[in-house]
Amino acid sequence: MAELRTEEEQLEAIKRWWKENGLSLIAGVAIAVAAVVGWNTWQNYQDSQAEAASMRYQQLVNMAGGDALVEGEIDEARALVAEIVDNHERSLYADLARLIEARLAVSQGDLGEARDILDGVIASSNREYVQGLARLRLARLQVADDDAESALDTLARDIPAPLAAQQADVRGDALHALGRDDEARQAWQEALATAEQRDQPIYGIQLKLDDLGVEEATL
């Protein structure tokens, strides 16, 4: 009888526990299942969004890759940039699309708009390498726009180490535009040396040095 009472007491204890905790247990399981399903759904959505952004960006690259786009093609490419930015604002593809948009503005002769676009990329992107690319392109535009002093200021900001050779190259361009040829020569030689150390291709610098009367760069 003692054993029976013990079993009955255990059964009653289980019933009481279930009555007190069963609903919360079921709710907890349901929440956990919903969380897993929701996470998987979100991941699938993110994957599909990334794939869509990649496809649209590749379409933009193909469209804007020509050397001489006609006006209608430029307008179409810029519309695609707007679509990518609107639909995938925080993605890398949106940042890269805006860099292409700046080039398209240059092809239309609007250096001011191109500078504004690059300023926007620098301000809004959270990717240091993209910011560095935008600063380099902005500095090139500033040199082309007879604003070499501003280019030097732009180049003095944070630019990632992998872009150091290009940074020195554009700094040389800015210094040369200001008539500071000795400093320009040093910057271009630094660009060549850095590119060689990093095994990076860099073009046109030796021609710039030759124009300054330097037959061979000192590495």
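> Could you give me a rundown of the overall build of the protein chain, with the residues and numbers involved?
If you tally the helices and strands in the protein chain, you get nine helices and zero strands. Walking the protein chain from its N terminus toward its C terminus, one meets helices and strands in the order α-α-α-α-α-α-α-α-α. When each of the 219 residues of the protein chain is scored for burial, the buried share is 34%. Accessible surface computed for the protein chain: about 13600 Å², of which carbon and sulfur atoms make up 51%.

> Please provide a residue-by-residue account of the pattern of salt bridges, values included.
In the structure shown here, the tally under the stated rule is 14 salt bridges. Across the pair E101 and R78 runs a salt bridge, and its minimum N-O distance is 3.6 Å. With a gap of 23 residues between them, E101 in helix α3 (residues 92-107) and R78 in helix α2 (residues 71-87) connect regions that are remote in the sequence. This pair shows no difference in class: E101 is buried, exactly as R78 is.

> Which residues make up unusual backbone geometry, and what are the values?
Despite not being glycine, D146 has its phi angle at roughly 60 degrees, a positive value. With respect to the secondary-structure elements, D146 resides in the loop between α5 (128-144) and α6 (148-155). Judged by its relative accessible area of 74%, D146 falls in the exposed class. Although it is not a glycine, D199 sits at a positive phi angle of roughly 55 degrees. Residue position: D199 is located in the loop between α8 (181-197) and α9 (205-211). A relative accessible area of 70% places D199 in the exposed class.

> Talk me through α5; I want residue IDs and the actual numbers.
The terminal C-alpha atoms of α5 lie 24 Å apart, and with 17 residues this matches the ideal 24 Å at 1.5 Å per residue to within 8%. Of all 17 residues making up α5, 12 are buried, and the element is well covered by its neighbours. Listed as buried for α5 are V130, Q131, G132, L133, A134, R135, L136, L138, A139, L141, Q142 and V143. Packing partners of the buried residues in α5 comprise α3, α4 (111-124), α6 and α7 (164-177). Of the residues flanking the end of α5, it is D146, one or two places downstream, whose phi is positive at about 60 degrees.

> With reference to specific residues and values, describe the side chain of Q131.
Along the chain, Q131 falls in helix α5. When sequence neighbours within four positions are dropped, the list of residues in contact with Q131 reads V121, I122 and S125.

> Hey, could you go over the packing of α2 against α3 for me, with residue numbers and the actual values?
Their axes nearest at 9 Å, the elements α2 and α3 cross at an angle of 155 degrees. As the angle between them shows, α2 and α3 are arranged roughly antiparallel. Read as a crossing pair, α2 and α3 show a hand that is left-handed. Across the interface between the two elements, I74, A77, R78, V81, I84 and V85 from α2 touch Y93, A94, A97, R98, E101, L104, A105 and S107 from α3.

> How would you summarise the packing of aromatic side chains if you had to cite specific residues and measurements?
Across all of its chains, the model carries one aromatic pair by this definition. Measuring from ring centre to ring centre gives 5.7 Å for Y57 and Y93, while their planes differ by 45 degrees; the resulting arrangement is tilted. Of the two residues, Y57 sits in helix α1 (residues 2-64) while Y93 sits in helix α3, which places them 36 residues apart along the sequence.

> Go over the confidence of the model for the protein chain, please, and point to the residues and values.
In the predicted model, the protein chain carries a mean pLDDT of 81, and the fraction of residues at 70 or more is 73%. Between residues 37-45, whose pLDDT stays under 50, and residues either more than four places distant or in other chains, the model counts zero contacts. Low pLDDT, under 50, characterises residues 214-219; the stretch is placed with 16 contacts to residues that sit more than four places away or in other chains.

> Tell me about the packing of α5 against α7, and please be specific about residues and values.
At a closest axis distance of 10 Å, the pairing of α5 and α7 adopts a crossing angle of 15 degrees. By the angle class used here, α5 and α7 are roughly parallel. Note on packing geometry: the crossing formed by α5 with α7 is left-handed. Residues L136, A139, R140 and V143 of α5 lie in contact with α7, whose contacting residues are Q166, Q167, D169, V170, D173, A174 and A177. A per-class count over the contact of α5 with α7 returns six nonpolar, two polar and three charged.

Cut-offs used in this document
Residues numbered from 1 in each chain as written. Predicted model: local features only at pLDDT ≥ 70, side-chain atom pairs only at ≥ 80, totals over all residues. Heavy atoms only, no water. Helix = DSSP H or I, 4+ residues; strand = E, 2+ residues; numbered from the N terminus. Buried < 20%, exposed > 50% of the residue type's maximum accessible area, 1.4 Å probe, protein only. Areas by Shrake-Rupley, 256 points an atom, 1.4 Å probe, with all protein chains shown as cover. Salt bridge = Lys/Arg side-chain N within 4 Å of Asp/Glu carboxyl O. Expected span 1.5 Å × (residues − 1). Contact = heavy atoms within 4.5 Å. Axes fitted to C-alpha atoms, helices over the stretch in contact; angles between N-to-C directions. Parallel < 35°, antiparallel > 145°, perpendicular 65-115°, else oblique. Left-handed = near helix turned anticlockwise from the far one by under 90°. Phe/Tyr/Trp six-rings, centres within 6.5 Å; stacked < 30°, edge-to-face > 60°. pLDDT = per-residue confidence, 0-100. Nonpolar A, V, L, I, M, F, W, Y, C, P; charged D, E, K, R; others polar.

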